[in-house]
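# Descriptive structure summary
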Amino acid sequence: MEKSKEVVIDAVKKSPYDKVKLAVCDIDGVLRGKIMHRDKFLHTLESDFGFCDVVFGWDAADVSYENSSYTGWHTGYPDAKAVIDYTTFRKIPWENDLPFFLADFNGLGVCPRSLLKQVLSKAEKMGFKPLFSQEFEWFNFKETPQSLQEKEFKNIAPITPGMFGYSMLRASYGSAYFNDLFDLLGKFDIPLEGLHTETGPGVFEAAITYSDILEAADRAVLFKSAVKEIAYKHDIIATFIAKYNSQLPGCSGHVHQSLWDKENKKNLFYDTDKTNNISELMEQYMAGQLFCLPDILPMIAPTINSYKRLVEGAWAPTTITWGVDNRTTGLRALPGSHKAARLETRICGSDVNPYLAMAACLSAGLFGIENKLNLEIPATQGNGYEVKENGILSGSLKEATERMKKSDLAIKLFGKQFTSHFIKTREWECRQFNLEVTDWELKRYLEII
């Protein structure tokens, strides 16, 4: 439907509900929201509203950061001014078409959606229209929030057993959930290009239809939350953890990207006069990512668990490489046609915050264009895991965060406020992990040492 402000206001007024649901996205990609009365919403739409800035002052477990300078007990956790984006209007089909909106903290450096808007503005000033999309793999378990807690997240049951990638058979088992995902996501303005089973017990994969980058990130953030809510309706737990089990493949969140002209008529990544139809602009864009991403890796591999996925031979890259339609490299160039030519950044796992992942990919690519970087790394032919002469990715969140902290690049790309806050949140994540005693330690050391 048309999403002009007048049309949106009219739709909310005609809604059978006297309320709307709205949400903001925190640093970990988790939606934090509330129900708001329709009258307050209509008033707020003309200005802004207060939303407690604790959403940027605690971690995914609601534990307050002790190392944050942005907000904390020292600031009293005041309200920050949030702005509703009326163009994000949707109706939630699994909640009887309850109106839904996204909001952000426009101009606030620590806000992921605001950061992406900042990077997008730069791209537009350079004359580019970024078109992006994201695809996700995720596990599905025959569990509930209560059963997960009771089992202490151990011995949980997948909805189907065995390794059944692209299986028509497994997709038909419990097909009500499978079909609900495709149909309800479409009605929620998250159109899918495809949905199928992936190799692994109870694993699905979905590719979201490409769009303008901000809409693409909105769709990706909402996709993860929507899938979990739809799964709840079927007594299923959907998880986007990057590596659920050491014996099984990890879950990707690959970001697809291309740059078009302002009129959205010409794909600037495609050039029939160049080798493999890869334009000079696309080469510069890829060179920028290969140069920048190792220094800002926590933005696309943000959790302790992310690095359990980035291991050799597990369908996730480990080296600073690129190739044409090569699934073993960090960057996979897909220059097939004017309409479809794009770059796939394969480092991203399903646990990313899409706003930060897309901001990182776009900003790094623009850096390459701005500085006219030459694509000096040759295209990998064959196994990208073996091509280590250009460097390998950091092996842990601690290592990646330390590298990001020592580099000046992130501040140049994203500003001091975001960079400082984000690095502290990743240091906090490492600290929290280091406090815990894991099952691996107990099994390895308890009896024998």
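Residues numbered from 1 in each chain as written. Predicted model: local features only at pLDDT ≥ 70, side-chain atom pairs only at ≥ 80, totals over all residues. Heavy atoms only, no water.

### Side note on the overall build of the protein chain
The secondary structure content of the protein chain amounts to 14 helices and 14 strands. Relative to the globule expectation of 22 Å for 449 residues, the C-alpha radius of gyration of the protein chain, 22 Å, shows essentially globular dimensions. Along the three orthogonal principal directions, the C-alpha set of the protein chain runs to about 65 × 60 × 55 Å. Residues classed as buried in the protein chain amount to 56% of the 449 residues present. Long-range contacts, defined here as pairs at least 24 residues apart, represent 72% of the contacts in the protein chain between residues at least 6 apart. For the protein chain, the centre of its 52 positive side-chain charges and the centre of its 59 negative side-chain charges are spaced 1 Å apart. (Helix = DSSP H or I, 4+ residues; strand = E, 2+ residues; numbered from the N terminus. Rg over C-alpha atoms; globule rule 2.2 N^0.38 Å. Buried < 20%, exposed > 50% of the residue type's maximum accessible area, 1.4 Å probe, protein only. Contact = heavy atoms within 4.5 Å. Lys, Arg positive; Asp, Glu negative; His and termini not counted. Charge placed at Lys NZ, Arg CZ, Asp CG, Glu CD.)

### Structural notes on the environment of Gly336
Relative to the helices and strands, Gly336 resides in the loop between β13 (331-334) and β14 (342-345). You can call Gly336 exposed: its relative accessible area is 61%.

### Details of the nonpolar core
Counting residues in each nonpolar core, the largest one holds 102 residues, and the members touching the most others are Trp138, Tyr177, Phe223, Met299 and Phe414. Non-local contacts of Tyr177, meaning those with residues more than four positions away in its chain, are made with Trp138, Asn140, Ile159, Phe204, Val227, Ile230, Ala231, His234, Ile236 and Ala238. (Core = buried A, V, L, I, M, F, W, Y, C linked by side-chain atoms within 4.5 Å.)

### Points about the pairing of strand β7 (residues 192-197)
Across five bridges, β7 lies against strand β8 (residues 203-208) in antiparallel orientation. Pairing of His196 across the sheet is with Glu205, part of β8. Two successive antiparallel strands, β7 and β8, enclose a turn made up of five residues, where Gly200 displays a positive phi of approximately 130 degrees. (Pairing = 2+ DSSP bridges.)

### Looking at the packing of helix α11 (residues 397-406) against helix α13 (residues 416-434)
Geometrically, a packed helix pair is captured by the angle between its two axes and the distance between the axes. It is at 10 Å that the axes of α11 and α13 come closest, and there the two elements cross at 155 degrees. When the interaxial angle is binned, α11 and α13 end up roughly antiparallel. Relative to α13, the crossing made by α11 is left-handed. Every residue of α13 that contacts α11 at Leu397, Lys398, Thr401, Met404 and Lys405 is listed here: Phe422, Ile423, Arg426, Glu427, Glu429 and Cys430. Across the contact of α11 with α13, the residue classes tally to five nonpolar, one polar and five charged. (Axes fitted to C-alpha atoms, helices over the stretch in contact; angles between N-to-C directions. Parallel < 35°, antiparallel > 145°, perpendicular 65-115°, else oblique. Left-handed = near helix turned anticlockwise from the far one by under 90°. Nonpolar A, V, L, I, M, F, W, Y, C, P; charged D, E, K, R; others polar.)

In short, shape yes, function no, at least from these values alone.
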